[in-house]
Amino acid sequence: MVSTDKRFQALEAYMEEINYDPSMLINVLHRAQQLFLWLPKDVLEFISEKLKVPKSKVMGVVSFYNFFSTKPVGRIQIKVCLGTACYVKGGDRVMERFLEELGLQEEGQVTPDGMFSVHAVRCVGACSMAPVVLIGESDFYGRMSPDKVPRIVKKYKRLAEQMKEGES
Ligand code: FES
């Protein structure tokens, strides 16, 4: 329900702060993605209605920028670089190992508890540390190898448990 979901309330409070200015659409979408982690259809409709911007324009902006996601993502996102330098140093095997450890079939899927998803990304500008992996907001792992993956996954699974416990 839109009205009882605190995230919608927080999003509306943000739009109110900026006086529902339609020229701030990108900022609003960023805020929405921070709150929801991705941009579900009902959120986009809510934004379109509140800012009085046609849905087609909202969708156009969302699909133009690749940092906006219209597909569900995990609360902890694992981004494996598959740019050239990382790929030649085994980034694809690192990716496979993350998928295996998390029981995922393919990149972009979310674990059943909604906590993890694994994504391929292009060069993140740290080729000298290839292959590299980014986890969550700011954790960086360089010179990765498939055998380092289980320990890292274990660490984040513990974190995921703490996040769940903190909410119950
Ligand atoms: S190719 Fe991965 S950091 Fe550049």
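Residues numbered from 1 in each chain as written. Predicted model: local features only at pLDDT ≥ 70, side-chain atom pairs only at ≥ 80, totals over all residues. Heavy atoms only, no water.

(A) Structural view of unusual backbone geometry. The residue after Ala130, namely Pro131, is reached through a cis peptide bond having omega -10°. Checked against the element boundaries, Pro131 lands in the loop between strand E2 (116–121) and strand E3 (133–135). One non-glycine residue, Lys52, lies in positive phi territory at about 55°. Mapped onto the secondary structure, Lys52 falls in the loop between helix H3 (41–51) and helix H4 (55–64). (Helix = DSSP H or I, 4+ residues; strand = E, 2+ residues; numbered from the N terminus.)

(B) Expanded view of the environment of Pro22. Turning to its location among the elements, Pro22 is positioned in the loop between helix H1 (6–17) and helix H2 (25–36). Overall, Pro22 belongs to the partly exposed group, its relative accessible area being 42%. In this structure the C-alpha to C-alpha distance between Pro22 and Ser48, which are 26 residues apart in sequence, comes to 9.0 Å. (Buried < 20%, exposed > 50% of the residue type's maximum accessible area, 1.4 Å probe, protein only.)

(C) Quick peek at the side chain of Ser48. Mapped onto the elements of the fold, Ser48 is located in helix H3. What makes Ser48 buried here is its relative accessible area of 9%. Look past the residues within four positions of Ser48 in its chain and what remains in contact with it is Val53, Pro54, Lys55 and Val58. (Contact = heavy atoms within 4.5 Å.)

(D) Layout of H2. The terminal C-alpha atoms of H2, which comprises 12 residues, lie 16 Å apart, in line with the 16 Å expected from a rise of 1.5 Å per residue. Three or more residues of H2 are buried, namely Leu25, Val28, Leu29, Ala32, Gln33, Leu35 and Phe36. For H2, the buried positions fall inside an angular range of 160° around the axis, keeping them on one side. Two residues or fewer after H2 comes Leu37, characterised by a positive phi angle close to 75°. (Expected span 1.5 Å × (residues − 1). Arc of directions from axis to C-beta.)

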